[in-house]
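Residue-level structure breakdown
Chain by chain, the residues:
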Amino acid sequence: MQRKVLIIGLGVMGSRIAANLAGSGKLHGVYDRTVEKARDTAGRLNVTYYPDVVSAVKDNDVIITMLYDDESVSQVYSNVISVSKGRVFVDMSTISPETSIEIAKRIEDNGGKMYDAPVIGTSIAVERKNLVVLVGGDRSGFDEIREILSSTANSIVYMGENGAGLYAKLVNNLFLGSYMAALAEAVRFGKRSGIPDDIISDVLVKYSSARSPTSELKVPKMISEDYSVQFSVKNMLKDLEIVGKLAARNTIPLPMASLALQLFRYLEITGHGEEDIAAIYRALR
């Protein structure tokens, strides 16, 4: 018998993951604190709409959450701990590993199971169904999670115990944040040196030894100054702040990531937090 799957959180990423799971017949219902968003999504995907989070969790077996930060994740899970027995929770949010580990322990104490499963990839990757999911938690339940998420990701990788997926995701975003700053510098240097835009793009996207899927996506956005969001400044800032706190606690020097953090913080306080991370080019113009 197929287990009933619920998605909580219907933002840029969650709504697209929900669509992919619904398209493969795996999604039973949705919940979001914005009632209109949840009702509209449920109608569009032909799945069940739930008006409150407790009834949503009680009526499903596998609960996937895609939320913004530690506070929002803690709030949702605090409301459903009492009905977590026998249920599997898959949190795809990027939050502090310590927060996630603490929630997982509380769920386990109440007879449930929780996995951290943050993703590598933007909204474009979700639409193409080629996300990477980094999973931390009890190895025995990983196969079920992999089967469910295979409708929205092409790589679902077991990282280790609770928290391991999040630590791996933070390694990625530390690199990504620093890389974005370097890309922006390179584009700006090329432009100020009088190099035509198409040549800058070809060098960084086609020929560079440092070319990557990120340069393919973001260099054209920087050149055209198109900051429509794929992965927002505010989300990158949140992740780099988590990295910074963990590094300070463990006395790990992060000079490049610290600089990137300041650039993204500048963009946030100057009103560009909802724009794509390619907007880091603004800070170097």
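Going by the structure above, here's the rest.
Sequence order sets the numbering: in each chain, residues are counted from 1 along the sequence as written. In keeping with the model being predicted, local features are shown solely for residues with a pLDDT of at least 70 and side-chain atom pairs are shown and tallied solely at 80 or more, while totals for entire chains, interfaces and linings include all residues. Note that the side-chain values use all heavy atoms of the structure and ignore hydrogens as well as water.

Our focus in this paragraph is helix H10 (residues 213-224). In DSSP terms, a helix is any run of H or I states spanning at least four residues, a strand is any run of E spanning at least two, and both are numbered starting from the N terminus. Expected helix span is given by 1.5 Å per residue-to-residue step, counting one fewer step than there are residues. Taking 1.5 Å per residue, 12 residues should reach 16 Å; H10 reaches 18 Å between its end C-alpha atoms and fits that length. Burial classes follow relative accessibility: with a 1.4 Å probe on protein chains only, a residue under 20% of its type's maximum area counts as buried, one over 50% as exposed, and anything between as partly exposed. Residues of H10 that are buried include every one of Thr-214, Ser-215, Lys-218, Val-219, Lys-221, Met-222 and Ile-223, and no others. The contact criterion used is simple: two residues touch if any of their non-hydrogen atoms lie within 4.5 Å. Close packing links the buried residues of H10 with helix H8 (164-192) and helix H9 (197-207). Between N or O atoms, a polar contact is any pair within 3.5 Å; within protein, one atom must be a potential hydrogen donor and the other a potential acceptor, and residues adjacent in sequence are included only when both atoms are from side chains. Capping of H10 at its N-terminal end is provided by Ser-212; its side-chain oxygen lies 3.1 Å from the backbone amide nitrogen of Thr-214. Once H10 ends, the next one or two residues include Glu-225, with phi positive near 55°.

Within this analysis, patches are made of residues with over 30% relative accessible area and no salt bridge. Like charges are joined at 9 Å or less; nonpolar side chains (Val, Leu, Ile, Met, Phe, Trp, Tyr) at 5 Å or less. Only the protein chains shown count as cover for residues, and all accessible areas are computed by the Shrake-Rupley method using a 1.4 Å probe. What counts as a salt bridge is simple: a side-chain nitrogen of Lys or Arg found within 4 Å of a carboxyl oxygen of Asp or Glu. A contiguous nonpolar patch, built from Ile-195, Ile-199, Val-203 and Tyr-207 and spanning about 370 Å² of accessible area, is present on the exposed surface. Among the secondary structure elements, Ile-199 is positioned in helix H9. Assessed through its relative accessible area of 39%, Ile-199 is described here as partly exposed.

Turning our attention to the side chain of Ser-15. Along the polypeptide, Ser-15 turns up in helix H1 (residues 12-23). Of the residues examined, Ser-15 reaches a relative accessible area of 15% and is grouped as buried. Side-chain polar atoms of Ser-15 contact the backbone oxygen of Val-12, separated by 3.5 Å.

Here the focus is the packing of H8 against helix H11 (residues 233-249). Axis angle and axis distance: for two packed helices, these are the angle between their axes and the distance between the axes, and together they describe the pair. Note on geometry: axes are C-alpha line fits, over the in-contact stretch for helices, and angles between N-to-C directions span 0 to 180 degrees. Direction vectors running N to C along H8 and H11 enclose 110°, while the axes themselves pass 9 Å from each other. Taken as axis vectors, H8 and H11 run roughly perpendicular relative to one another. The way H8 lies across H11 gives a crossing that is left-handed. Residue-level inspection shows Tyr-167, Leu-170, Asn-173, Leu-174, Leu-176 and Gly-177 of H8 in contact with H11, the latter providing Met-236, Asp-239, Leu-240, Ile-242, Val-243 and Leu-246. Looking at the contact of H8 with H11 residue by residue, the class counts come to nine nonpolar, two polar and one charged. Any angle from 65 to 115 degrees is called roughly perpendicular, while one under 35 is roughly parallel, one over 145 is roughly antiparallel, and all others are oblique. In a left-handed crossing the near helix is turned counterclockwise from the far helix by less than a right angle, and in a right-handed crossing that turn is clockwise. Residues were grouped as follows: Ala, Val, Leu, Ile, Met, Phe, Trp, Tyr, Cys and Pro as nonpolar; Asp, Glu, Lys and Arg as charged; and all remaining residues, including Gly, as polar.

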